[in-house]
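Given next are the chains, with one letter for each unit.
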Amino acid sequence: MSHPIALIDCNNFYASCERVFNPKLVGVPIVVLSNNDGMIIARSQEAKDLGIAMGEPLFKIQDKIKKHGVAVFSSNYTLYGDMSQRVMTILESFCPDVEIYSIDEAFLNLHGFEREDLTEYGRKIKNTIKKWTGMPVTVGIAETKTLAKIANRLGKKSQKAGGVLNLYNSRFRNTALKRTDVEDIWGVGRQYGKLLRKHGINSAYELSLANDSWIKKRMTVMGMRTVYELRGTPCIKLEYSPPPKKAIVSSRSFGKLTNSYEDVSQAVANYVTRAAVKLRKQRSAARILSVFLRTNPFKNEMPQYHNGVMVELPVPTDSTAELLEYATKGLVQIFKPEYKYHKAGVMLTGIIPYDRSQYAMFDSENRNRMKEVTEVMDSINERFGKETMFYASLGIKREWGMRREMKSPNYTTNWKELPIVSAKEIWKYMQETEK
DNA sequence: TCTGGGGTCCTAGGACCC
DNA sequence: TCTGGGGTCCTAGGACCC
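Conventions used here
- Residues numbered from 1 in each chain as written.
- Chains lettered and ligands numbered in written order.
- Predicted model: local features only at pLDDT ≥ 70, side-chain atom pairs only at ≥ 80, totals over all residues.
- Heavy atoms only, no water.
- Near = heavy atom within 4 Å.
- Polar contact = N/O pair within 3.5 Å; in protein donor to acceptor, adjacent residues only side chain to side chain.
- Helix = DSSP H or I, 4+ residues; strand = E, 2+ residues; numbered from the N terminus.
- Pairing = 2+ DSSP bridges.
- Axes fitted to C-alpha atoms, helices over the stretch in contact; angles between N-to-C directions.
- Contact = heavy atoms within 4.5 Å.
- Patch = residues over 30% accessible without salt bridge, like charges linked within 9 Å, V, L, I, M, F, W, Y side chains within 5 Å.
- Areas by Shrake-Rupley, 256 points an atom, 1.4 Å probe, with all protein chains shown as cover.
- Salt bridge = Lys/Arg side-chain N within 4 Å of Asp/Glu carboxyl O.
- Lys, Arg positive; Asp, Glu negative; His and termini not counted.
- Charge placed at Lys NZ, Arg CZ, Asp CG, Glu CD.
- Nonpolar A, V, L, I, M, F, W, Y, C, P; charged D, E, K, R; others polar.
- Expected span 1.5 Å × (residues − 1).
- Buried < 20%, exposed > 50% of the residue type's maximum accessible area, 1.4 Å probe, protein only.

Concerning the protein's contact with DNA strand C
And step 1. Around DNA strand C, 13 residues are found, and the nearest of them are Ser102, Lys149, Gly187, Gly189 and Tyr192.
And step 2. In DNA strand C, atoms within 4 Å of the protein come from the sugar-phosphate backbone in 100% of cases.
And step 3. Tryptophan 186 places a side-chain nitrogen or oxygen 3.4 Å from a sugar or linking oxygen of DNA strand C.
And step 4. At 2.8 Å, a backbone N or O of tyrosine 192 approaches a phosphate oxygen of DNA strand C.
And step 5. Within the residue set of the surface near DNA strand C, elements represented by two or more residues are strand S5 (98-102) and helix H8 (190-198).
And step 6. Broken down by element, the residue count for the surface near DNA strand C peaks at three residues, all from H8.

Okay, here's the thing in structure tokens:
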């Protein structure tokens, strides 16, 4: 017998984060923008009701925004990340086995809760989160992750459900499946949706009845898993502690087009620095660093160029300084001054656990020194805020940097936005940590 | 003027080896 | 000169997710 799985999903997460800290926004349509304030990446219910679509460029809906008094925010990931943590911590107090699936969603393994009133338990979770953080969430419960997703989705749509829909051992499962369009199933996207509809499979219910070998042939084993899950057989396990990343990417569009090597190389240096911090956080080292850049593909009238280069490192490393060196080597190979660039990025691959890297075995004096420098910088940046210390190659003015003209304050972490940290403070901190 | 960023998995096909 | 099967590893591309 399979046990119940709950999916807790924050409602309109980014928009709700903005609203939690600004009560004037109750009832007001809210949209949150992508980096560079380019397009819509999140909407409150009111904004959805106005017909504002996901991914719509801001400039196309300016009229609507004025007319309906829509509140517009640049994305503020510091705030959203912190709110997410608060919600997840509460979930962990309700259930020991939590998979944090994304910034605004978590699966709970409710093994052992079978005898409880699951709907009641779901309600308790929902109410506690609302009360302690202000965040509205929906709870869906079922036998598999895929079914829990469906329960959650229908729970959001249904007034009657009141934010909790329990399909575990429910005679309404088929009804729920019939009410779910194929492309709304977790694991079925646009392409597969089209394919399935072409073959007369229009609902989750119809997909659950599909022919196994046909599905496997057309949708690989992934599709097969989805079908089994729709039938109530769990195929996708919960992951309680995230495995280390196999690839780490850092990339951004620039705030303006630029053909300056100085701009692009500063940007790349910034991305390398971010990626290296992520790499060290998961205690890995990388063997391959890729650098890529591109012009703006939406500007048809301008000459287009995109290119990337993979640089293999002599030994796997996690050192920012070393990665910066190779990134520069890569960049000069692909940078051409005759183009106006729109975006660049770096990717770290060939990732292995740090302690298995060659590095540990053939350590030279030099590397040890480098490691010490890195550790000190990480620790200072952790304590005093992200960019208290950084390599000069990242630039000071950063004229290519992103536009974020409508960002809300960092309500939850303002202490990190200290003005300037004096050398004295850092010195004192280092003395203390020595011990 | 103005269109995000960061991940995963699977498969087919090529290179290479015995 | 030509013929055969089988295995591994890697990469690119396509699908998906939030």
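Quick look at the sheet that holds strand S7 (residues 137-142)
And step 1. Ordered in space as S5-S6-S1-S7-S8, the five strands form an open sheet in which the pairing is mixed. Looking at which strands have only one partner, the edges of the open sheet turn out to be S5 and strand S8 (164-166). Ignoring which end each strand starts from, the neighbouring axes of this sheet average 15 degrees apart.
And step 2. One ladder, built from five bridges, connects strand S1 (residues 5-10) with strand S6 (residues 105-109); its direction is antiparallel. The partner of isoleucine 5 across the bridge, within S6, is asparagine 109.
And step 3. This element, helix H4 (residues 77-94), spans S1, S5 and S6 of the sheet and lies at about 155 degrees to S5.
And step 4. Relative to the sheet, helix H6 (residues 145-157) contacts S1, S5, S6, S7 and S8, its axis offset from that of S7 by approximately 140 degrees.

Description of the environment of proline 316
And step 1. Positionally, proline 316 belongs in strand S11 (residues 306-317).
And step 2. Placed 33 residues apart in sequence, proline 316 and threonine 349 show a C-alpha to C-alpha distance of 10.0 Å.

Some points on the sheet that holds strand S10 (residues 284-295)
Two strands in a sheet stick together by hydrogen bonds in their backbones, pointing the same way (parallel) or opposite ways (antiparallel).
And step 1. In space, the four strands of this open sheet follow the order S9-S12-S10-S11, with antiparallel pairing throughout. The two strands at the open ends of the sheet, each matched to only one other strand, are strand S9 (248-258) and S11. Taking the axes of each pair of neighbouring strands and ignoring which way they run, one obtains an average angle of 15 degrees across the sheet.
And step 2. Across seven bridges, the pairing between S9 and strand S12 (residues 341-353) is antiparallel. If you follow serine 250 over to S12, its bridge partner there is valine 346.
And step 3. In this fold helix H11 (residues 261-281) packs onto S9, S10, S11 and S12, with an angle of close to 155 degrees to the strand it touches most, S9.

Describing the side chain of glutamate 99
And step 1. Tracing the backbone shows glutamate 99 in strand S5.
And step 2. In contact with glutamate 99, not counting residues within four places along its chain, are Glu105, Ala106, Phe107, Lys145, Lys237, Leu238, Glu239 and Tyr240.

Concerning a positive patch on the surface
And step 1. On the surface, Lys245, Arg274, Lys278, Lys386 and Arg404 cluster together into a patch of positive charge.
And step 2. Structurally, the position occupied by arginine 274 is in helix H11.

Comments concerning the protein's contact with DNA strand B
And step 1. The immediate surroundings of DNA strand B are formed by 23 residues, with Val249, Ser251, Arg252, Ser253 and Lys299 found nearest.
And step 2. Considering DNA strand B, the proportion of its atoms within 4 Å of the protein that are sugar or phosphate atoms stands at 71%.
And step 3. Between DNA strand B and serine 251, the relevant distance is 2.6 Å, taken from a phosphate oxygen to a main-chain nitrogen or oxygen of the residue.
And step 4. Looking at the surface near DNA strand B, the elements that each hand over two or more residues are helix H10 (212-230) and S9.
And step 5. With six residues, S9 is the largest single contributor of residues to the surface near DNA strand B.
And step 6. Broken down by class, the residue content of the surface near DNA strand B amounts to nine nonpolar, seven polar and seven charged.

Comments concerning H6
At 3.6 residues per turn, the α-helix brings residues three or four places apart onto the same side.
And step 1. Look at H6: 19 Å from first C-alpha to last across 13 residues, which is about the 18 Å you get at 1.5 Å a residue.
And step 2. Taken across its 13 residues, H6 has ten buried, putting it largely inside the fold.
And step 3. Inspection of H6 places Lys145, Thr146, Leu147, Ala148, Lys149, Ile150, Ala151, Asn152, Leu154 and Gly155 among the buried residues, and these make up the whole buried set.

Description of unusual backbone geometry
And step 1. If you check the backbone angles, arginine 283 has positive phi at about 55 degrees while not being a glycine.
And step 2. Within the fold, arginine 283 resides in the loop between H11 and S10.
And step 3. Positive phi, normally seen in glycine, also occurs at arginine 398, with a value near 50 degrees.
And step 4. Inspection of the secondary structure assignment puts arginine 398 in the loop between helix H14 (365-384) and helix H15 (423-434).
And step 5. Judged by its relative accessible area of 18%, arginine 398 is buried.

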